[in-house]
Amino acid sequence: MINSELSLKLNQLYEQDFNLWLQQTIQLLETKHFEELDCQNLIEELDSIGKNDQNALKSNLRILLMHLLKYRFQPEKRSNSWQYTIIEHRQRIEDALENSPSLKPFLENIFIQCYQGAKKLAVAETGLPHSSFPENCPFSIEETLNIDYLPDSDNSHI
């Protein structure tokens, strides 16, 4: 039941105090007072959660691919921090896929797009010309996500 002190309707509360709106919404769900829910904003928030998960997966994949590119095409600058970043972002992706296995097809669908973004980031960060990096991703999805995989040097493109 909504607190008697709270005179605002939930949809007004959503705009004025999100955290309180969230607490009240949870309370209504727990007590099965579905008719009092602010369904429109609740649907928007649930949709937003899904989009945030997808955006986080894209970001982690892009950063992982960028570091794999740097590792392969700038071997003279390899560092422990690059390896750390590779491991960290693989673990984030692994956690996301473990928590939401339905994101796996999404990851497969965005892989090429993320590679193109990673290549732009690698160019900006390394100072190497765009032509230093292959047009198509030199790593398979399996290699990219394999916790033990590190690419060999390939100086033929440099």
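Not measured: the values here are computed from a predicted model.

Calculation criteria
- Residues numbered from 1 in each chain as written.
- Predicted model: local features only at pLDDT ≥ 70, side-chain atom pairs only at ≥ 80, totals over all residues.
- Heavy atoms only, no water.
- Helix = DSSP H or I, 4+ residues; strand = E, 2+ residues; numbered from the N terminus.
- Contact = heavy atoms within 4.5 Å.
- Salt bridge = Lys/Arg side-chain N within 4 Å of Asp/Glu carboxyl O.
- Buried < 20%, exposed > 50% of the residue type's maximum accessible area, 1.4 Å probe, protein only.
- Axes fitted to C-alpha atoms, helices over the stretch in contact; angles between N-to-C directions.
- Parallel < 35°, antiparallel > 145°, perpendicular 65-115°, else oblique.
- Nonpolar A, V, L, I, M, F, W, Y, C, P; charged D, E, K, R; others polar.

**Q** How should I be thinking about the environment of Tyr115 in this particular structure?
**A** Its location among the elements puts Tyr115 in helix 5 (residues 103-126). Through-space distance from the C-alpha of Tyr115 to that of Pro129 is 16 Å; in sequence the pair is 14 residues apart. Sequence-distant contacts of Tyr115, that is, excluding residues within four places in its chain, are made with Leu65, Leu69, Phe133, Pro134, Glu135, Asn136, Cys137 and Pro138.

**Q** How should I be thinking about the pattern of salt bridges in this particular structure?
**A** Side chains carrying opposite charge are able to pair once their charged atoms draw close together. Within the structure shown, the criterion is met by five salt bridges. The partner of Asp47 in a salt bridge is Lys51, with the nearest N and O atoms 3.1 Å apart. Residue Asp47 and its partner Lys51 are located together in helix 3 (residues 39-73), separated by four residues, close to a single helical turn. Residue class for Asp47 comes out partly exposed when judged on its relative accessible area of 42%. A relative accessible area of 45% places Lys51 in the partly exposed class. Notably, a salt bridge pairs Lys119 with Glu135, separated by 3.3 Å at the nearest N-O pair. Of this pair, Lys119 sits in helix 5 while Glu135 is found in the loop between helix 5 and helix 6 (141-145), placing the two residues 16 residues apart along the sequence. Judged by its relative accessible area of 53%, Glu135 falls in the exposed class.

**Q** So what exactly am I meant to see when it comes to the packing of helix 2 (residues 18-30) against helix 3 here?
**A** Any two packed helices are characterised by the angle at which their axes cross and by the distance between the axes. As a packed pair, helix 2 and helix 3 sit with axes 12 Å apart at the nearest point and diverge in direction by 100°. It follows that helix 2 is roughly perpendicular to helix 3 by the angle criterion. Contacts between helix 2 and helix 3 involve Phe18, Trp21 and Thr25 from the first element and Asn41, Leu42 and Glu45 from the second. In terms of residue class, the contact of helix 2 with helix 3 is built from three nonpolar, two polar and one charged.

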